Amino acid sequence: DAKTTQPTSMDCAEGRAANLPCNHSTISGNEYVYWYRQIHSQGPQYIIHGLKNNETNEMASLIITEDRKSSTLILPHATLRDTAVYYCIVRGLNAGGTSYGKLTFGQGTILTVHP
Amino acid sequence: NAGVTQTPKFQVLKTGQSMTLQCAQDMNHEYMSWYRQDPGMGLRLIHYSVGAGITDQGEVPNGYNVSRSTTEDFPLRLLSAAPSQTSVYFCASSYSGWGQGRYNEQFFGPGTRLTVL
């Protein structure tokens, strides 16, 4: 699976949009981009995923650049409850053996939403 | 639905003791897995199962055993606890571990915090 690079930490004011970047310059054609978040002391939570088109769901939007080398997770109106570690994960289609089903969590971005 | 449940929430063991971490899901998911998360680090896959009676090793399986006798339950057994196994353990499940898409979205339990002295 491709390696991802995320900023260590970011701040955002409550009610404003939070834009979390992720670089995945070595992504290959069949690899998807997933975003999970982990609120303090809880298990990770799925947010959104995409291949090459922009995606939106009830939680967030995902913008993937045309060359697919980077993406941005957008939380349109951040709340205090969105304070968490956000993980950008690139996952291949054919991960098998000891990687079957595996999500590779890096260090992620610590997002702090301020009142 | 209760989702993914884990017990106990906290556990302290002495070196050499054995114990079983319990994990259950009520979503009829075929795929279940165990991860460990050490302080300041990402999650690492220990073992996984693609259905009742089928288990396999992840990237850090040493010192752990698993079994899957039912679709709902996937216990993780520590054979002889060591201080290096001090960690937070997360169980996860998904409809499938294969392919891409929302049907292999993984649902995580609340975790078990294990300390081995």
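How each quantity is defined
Residues numbered from 1 in each chain as written. Chains lettered and ligands numbered in written order. Predicted model: local features only at pLDDT ≥ 70, side-chain atom pairs only at ≥ 80, totals over all residues. Heavy atoms only, no water. 1 Å grid on protein atoms, 1.4 Å probe; cavity = no way out; pocket = protein on both sides within 12 Å on 5 of 7 lines; lining within 4 Å. Points joined across faces, edges and corners; volume = space filled by probe spheres on them. Helix = DSSP H or I, 4+ residues; strand = E, 2+ residues; numbered from the N terminus. Nonpolar A, V, L, I, M, F, W, Y, C, P; charged D, E, K, R; others polar. Disulfide = S-S within 2.5 Å. Buried < 20%, exposed > 50% of the residue type's maximum accessible area, 1.4 Å probe, protein only. Pairing = 2+ DSSP bridges. Axes fitted to C-alpha atoms, helices over the stretch in contact; angles between N-to-C directions.

## Structural notes on the layout of surface pockets
The rolling of a water-molecule-sized probe over the atoms marks out the regions of remaining empty space.
Here comes step 1: If you add up the space inside the largest pocket, you get close to 410 Å³.
Here comes step 2: Lining the largest pocket are 20 residues, and of these Gln38, His40, Val85 and Tyr87 of chain A together with Gln37 of chain B lie nearest its centre.
Here comes step 3: Elements that contribute at least two residues to the lining of the largest pocket include exactly strand S8 (84-91) and strand S9 (109-114) of chain A together with strand S9 (87-94) of chain B.
Here comes step 4: A per-element tally of the lining of the largest pocket places S8 of chain A first, with three residues.
Here comes step 5: Considering only residue class, the lining of the largest pocket consists of 10 nonpolar, eight polar and two charged.

## Things to note about the state of the cysteines
All names here are of chain A.
Here comes step 1: Enumeration over the complete set of coordinates arrives at two disulfides over all chains.
Here comes step 2: Here cysteine 22 connects covalently by a disulfide to cysteine 88, the sulfurs 2.1 Å from one another. On the S-S bond that ties cysteine 22 to cysteine 88, the torsion sits near -80 degrees, and the link is left-handed. With cysteine 22 in strand S2 (residues 18-23) and cysteine 88 in strand S8, this residue pair connects regions lying 66 residues apart in the sequence. Accessibility classification places cysteine 22 together with cysteine 88 in one group, the buried group.

## Thoughts on the sheet that holds strand S3 (residues 19-25) of chain B
Residue and element names in this part refer to chain B.
Here comes step 1: On the basis of which strands lie adjacent, the open sheet formed by four strands has the order S1-S3-S8-S7 and antiparallel pairing. Since the sheet does not close on itself, it has two edges, and those belong to strand S1 (4-7) and strand S7 (64-66), each with one partner. Within this sheet the neighbouring strands show an average axis-to-axis angle of 20 degrees, counted without direction.
Here comes step 2: Relative to S3, S1 runs antiparallel, the two sharing four bridges. In the strand pairing of S3, glutamine 6 is matched with cysteine 23.

Functional significance is not addressed by these values, which are geometric in nature.
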